[in-house]
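Architecture at a glance
Read off the chains here:
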Amino acid sequence: MARANQGFPREAVDGLRKMLATHPEDGDLHQALGLLQLQLGQTDQAIFHFERSAAIQPRRADWHSNLGTALSYRGRSAEAAERYRRALAINPAWFPALLGLSSALIGTSNFDEAESVARRAVDVEPNRPDAWINLTLAQARAGRSADAVGTLRDALARFPDHPSLLANLAAGLNAIDDATREEVFETHRRLGRAIARQTPIQPRALATSLSGDRPLRVGYLSPDFREHAVARFILPILANHDRARVETVAYSAAPNPDAVTREVASLAGEFVDVSAMRDDALDGRIRADRIDILVDLAGHTSGSRLAVFGLRPAPILVSYLGYPNTTGLPAVGFRLVDAITDPPGSEAFATEKLVRLPGCFVCYRPPADAPPVTPRPEGEPVTFVSFNAASKLSAATLALWGRIVSSVPGGRLLLKAAGLAAESGKGRVLEALAASGLPAERVTLLPRVPTMREHLGAYSQADIALDPLPYNGTTTTCEALHMGVPVVTLEGDRHASRVGSSLLRAAGLPELVATSADAYARIATDLARDTGRRRTLRASLRDRLAASPLCDGKAFARGLEAAYAEMWKSAGDALFYAGQVSDQPPPMPIAQDLVAAPAAGTMSAPEGPTATGSISTTTP
């Protein structure tokens, strides 16, 4: 273990394996080997040794807890929860198990219990910010974004400028009704400064040529190169890039690769799994790859590696796609948007230079295995739907939807989201709708479904989709159109509330864009009354979407490449920041409560296991 602390973890692993050959029933050896393998990204091997150690000494709460964290890292949240419960049966106040259990419960969509367990963790260790992070995530995922924002403000009074808490606050403010643009922007700037303070850089002239006729090397960095909303928009870009103009490198921070990960790898010029790399090692790898333009696709969402951008690993740093606001990070020079999402004047609320792509700022690729569009049965009541995350269901959204649906004779509202599995989330939604005149018997609430085909198939019950405000849908809007369901949106005053307008205009449906709440209600109710128009839209929307600029991958890639070329041209002969490239990461100390589960999630992230967990090397 001393060799591991000196920066030679692989040598330490070899030594421990030799010792295990002669002491196969030594729980301490299995535990030590598991800890090292977890740090090296060998999660499955770590799980094996943690299981062995827990079987040898089943009364060790810390060992059950460590196994739970490793299982969480592999996305096996239900199994992880069981291990954390076993640890807490031995020691009910064991903080790593409380923290990990709240994370695992978030991963299994048990948000109310996750909140309760996170509160216990806060009571045990009130000065640990990670417990507060899980508490606010549980509240947000249950659809209680305003409660989560309030809790985050309380936590930040204890931990001023803590980056993860600020990231959750910044993301949460995107979804609540009463946050001003000025407050949201200042929170993002404060977050950017906090991240920058954690990533000191050393200036050095960049060793690359700014001239010459050569393809630009563009790196895309994301934790979401997997079955995830972001993939629907990055795949057509990778598939259509002109390799004579752009050489792509996909840096995948996805902890659990899947078929989509493999497709990304097949489409990118180069593919690098960086899920187990520390920030400094990732910084060195990007520099060694001589990336010209590095594009972050996550922003302040779950699993983001945005802190690496503070190290300036490439001359041009860009924010794009996965987050609906500025990064606030001084190192990031550009943000890709369009003229609808960010009209003139939006520059005052961005720390980056806004680069407006032609048309819509995204390009959508529908899933190949989507079910066919089927006609709605005759005589069925008009059903309005939203399949957006519960965190987007703001008070103003529910009030407007209740008003609309209650005004349509027999009209029904169908909502589907993981957060609606929580009783607190259900209660909030039903109470708000009832206050606006829509009784519970006209509302159907569904939890998340396990497969994409089932998710898309649920649109067979839908007549009209309603876009939430102030945080619009993106993937959900495209999916609804692909399934023949028209979407009504209200164009707001900031990017997050103007995405729906950009998507619908690109799809050739500007008549579904409202500029006031009254107009939104009128468009929705008029559509509800016009059975013939709805039938025509249902039969034609899939083909219209496919033929629209929103799905034209080749044209979109050309516009994106032109934007990259202009960014590169604007670099001129300036000096950029770069650091030493190292083949070996610095030493990885074996420390108490070493974070080993996925990084803290944020409230704008897709629903899933994104909270914190910790590893312990101290006996309870």
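Residues numbered from 1 in each chain as written. Predicted model: local features only at pLDDT ≥ 70, side-chain atom pairs only at ≥ 80, totals over all residues. Heavy atoms only, no water.

**Description of the overall build of the protein**
- From N to C terminus, the protein includes 23 helices and 15 strands.
- Here the protein has a C-alpha radius of gyration of 25 Å; the compact-globule value for 620 residues is 25 Å, and the two agree.
- Buried positions account for 57% of the 620 residues belonging to the protein.
- Long-range contacts, defined here as pairs at least 24 residues apart, represent 70% of the contacts in the protein between residues at least 6 apart.
- Total accessible area on the protein is roughly 23400 Å²; 52% of this is exposed by carbon and sulfur atoms.
- Looking at the protein, you have 66 positive and 67 negative side-chain charges, and the mean spots of the two groups are 1 Å apart. (Helix = DSSP H or I, 4+ residues; strand = E, 2+ residues; numbered from the N terminus. Rg over C-alpha atoms; globule rule 2.2 N^0.38 Å. Buried < 20%, exposed > 50% of the residue type's maximum accessible area, 1.4 Å probe, protein only. Contact = heavy atoms within 4.5 Å. Areas by Shrake-Rupley, 256 points an atom, 1.4 Å probe, with all protein chains shown as cover. Lys, Arg positive; Asp, Glu negative; His and termini not counted. Charge placed at Lys NZ, Arg CZ, Asp CG, Glu CD.)

**Regarding helix 3 (residues 27-39)**
- Taking 1.5 Å per residue as the helical rise, helix 3 with its 13 residues ought to reach 18 Å, and the 19 Å between its terminal C-alpha atoms agrees with that figure.
- Of all 13 residues that make up helix 3, twelve are buried, and the element is covered over most of its length.
- Of the positions making up helix 3, those classed as buried are Gly27, Leu29, His30, Gln31, Ala32, Leu33, Gly34, Leu35, Leu36, Gln37, Leu38 and Gln39.
- Two or three places before aspartate 28, at the opening of helix 3, aspartate 26 has a side-chain oxygen 2.9 Å from that residue's backbone nitrogen. (Expected span 1.5 Å × (residues − 1). Polar contact = N/O pair within 3.5 Å; in protein donor to acceptor, adjacent residues only side chain to side chain.)

**Details of the sheet that holds strand 2 (residues 246-252)**
- With parallel pairing, seven strands are arranged side by side in an open sheet as 3-2-1-4-5-6-7. The strands lining the two open edges of the sheet, one partner per strand, are strand 3 (270-273) and strand 7 (353-357). Strand-to-strand twist of the sheet, defined as the mean angle between neighbouring strand axes without regard to direction, takes the value 25°.
- By the bridge criterion, seven bridges tie strand 1 (residues 216-222) to strand 2 in an arrangement that is parallel. (Pairing = 2+ DSSP bridges. Axes fitted to C-alpha atoms, helices over the stretch in contact; angles between N-to-C directions.)

**Details of empty space enclosed by the protein**
- With the rule as written, the count across this model stands at four cavities of 30 Å³ or more.
- Reported here for the largest cavity is a volume of approximately 140 Å³.
- What lines the largest cavity is a set of 15 residues, and nearest its centre among them are Arg181, Asn325, Phe349, Arg494 and His495.
- Of the residues contributing to the lining of the largest cavity, the split by class is seven nonpolar, four polar and four charged.
- Size it by volume and the second largest cavity reaches roughly 60 Å³.
- Listed by contribution, the elements that provide at least two residues to the lining of the second largest cavity are strand 8 (383-386), strand 11 (464-466) and helix 19 (475-482). (1 Å grid on protein atoms, 1.4 Å probe; cavity = no way out; pocket = protein on both sides within 12 Å on 5 of 7 lines; lining within 4 Å. Points joined across faces, edges and corners; volume = space filled by probe spheres on them. Nonpolar A, V, L, I, M, F, W, Y, C, P; charged D, E, K, R; others polar.)

**Digging into unusual backbone geometry**
- Proline 470 follows leucine 469 through a cis peptide bond whose omega is 5°.
- Along the chain, the position of proline 470 falls in the loop between strand 11 and helix 19.
- Within the chain, serine 109 stands out as a residue other than glycine whose phi angle is a positive 65°.
- The class for serine 109 is buried, based on a relative accessible area of 19%.
- A positive phi is found at arginine 290, a non-glycine position, where the angle reads about 50°.
- Of note, arginine 290 is situated in the loop between helix 15 (279-288) and strand 4 (293-296).

**Focus on the packing of helix 16 (residues 395-406) against helix 17 (residues 423-435)**
- The N-to-C vectors of helix 16 and helix 17 enclose an angle of 50°; their axes lie 8 Å apart at closest approach. If you check the angle between helix 16 and helix 17, you find them oblique. Along this stretch, helix 16 crosses helix 17, giving a crossing that reads as right-handed. Listed contacts from helix 17 to Ala395, Leu398 and Gly402 of helix 16 are Arg428, Val429, Ala432 and Leu433.
- The residue makeup of the contact of helix 16 with helix 17, split by class, is five nonpolar, one polar and one charged. (Parallel < 35°, antiparallel > 145°, perpendicular 65-115°, else oblique. Left-handed = near helix turned anticlockwise from the far one by under 90°.)

**Description of the packing of aromatic side chains**
- According to the stated counting rule, one finds three aromatic pairs in the structure shown.
- Seen from their ring centres, phenylalanine 185 and phenylalanine 349 are 6.1 Å apart, and the 85° between their planes marks the pair as edge-to-face. One end of the pair, phenylalanine 185, is in helix 12 (residues 181-198); the other, phenylalanine 349, is in the loop between strand 6 (334-338) and strand 7, and 164 residues separate them in sequence.
- Between phenylalanine 233 and tyrosine 364, the ring centres sit 5.6 Å apart and the planes meet at 45°, which makes this aromatic pair tilted. Note that phenylalanine 233 is positioned in helix 13 (residues 231-240) and tyrosine 364 in the loop between strand 7 and strand 8, a separation of 131 residues in sequence.
- Look at phenylalanine 233 and you get buried, because its relative accessible area is 2%.
- Accessibility expressed as a relative area gives 2% for tyrosine 364, which makes it buried.
- One cation-aromatic arrangement involves lysine 392 over tyrosine 471; the distance from NZ or CZ to the ring centre is 4.3 Å.
- One Lys or Arg, lysine 416, reaches over the ring of phenylalanine 387 and ends 4.7 Å from the middle of that ring. (Phe/Tyr/Trp six-rings, centres within 6.5 Å; stacked < 30°, edge-to-face > 60°. Lys NZ or Arg CZ within 6 Å of the ring centre and 35° of its normal.)

**Comments concerning the packing of helix 5 (residues 61-73) against helix 6 (residues 77-90)**
- The interhelical angle for the contact between helix 5 and helix 6, taken along N-to-C directions, is 165°, at an axis separation of 8 Å. On the basis of the axis angle, helix 5 is roughly antiparallel to helix 6. Considering the relative orientation of helix 5 and helix 6, their crossing is left-handed. Taken together, the residues of helix 6 that come into contact with helix 5 (itself represented by Ala61, His64, Ser65, Leu67, Gly68, Thr69, Leu71 and Ser72) are Glu79, Ala80, Arg83, Tyr84, Arg86, Ala87 and Ile90.

**Let's talk about the state of the cysteines**
- The final tally for this structure, using the stated rule, is zero disulfides.
- The thiol of cysteine 478 is unpaired, and the distance to the nearest cysteine sulfur, on cysteine 551, comes to 7.0 Å.
- Note on cysteine 478: relative accessible area 0%, which makes it buried.
- With no disulfide partner, cysteine 551 has as its closest neighbouring cysteine sulfur the one in cysteine 363, 6.3 Å distant.
- Classification of cysteine 551 as buried rests on a relative accessible area of 17%. (Disulfide = S-S within 2.5 Å.)

**Things to note about the nonpolar core**
- Within the largest apolar cluster, 99 residues are counted, with the highest numbers of intra-cluster contacts made by Tyr220, Tyr320, Leu336, Phe384, Leu550 and Tyr564.
- Ignoring sequence-local partners within four residues, the contact set of leucine 336 consists of Val318, Ser319, Tyr320, Val355, Leu357, Phe361, Leu560, Ala563, Tyr564 and Met567.
- Listed in part, the 75 residues of the second largest apolar core include Leu101, Ile291, Ala331 and Val332. (Core = buried A, V, L, I, M, F, W, Y, C linked by side-chain atoms within 4.5 Å.)

**Some thoughts on the pattern of salt bridges**
- Applying the stated criterion to the full structure yields 38 salt bridges.
- Of the charged contacts in the structure, one is a salt bridge between glutamate 115 and arginine 144, with a shortest N-O distance of 2.7 Å. Of this pair, glutamate 115 sits in helix 8 (residues 111-124) while arginine 144 sits in the loop between helix 9 (129-141) and helix 10 (145-158); the two residues are 29 residues apart in sequence, bridging distant segments of the chain. Neither glutamate 115 nor arginine 144 differs from the other in exposure class; each is buried. (Salt bridge = Lys/Arg side-chain N within 4 Å of Asp/Glu carboxyl O.)

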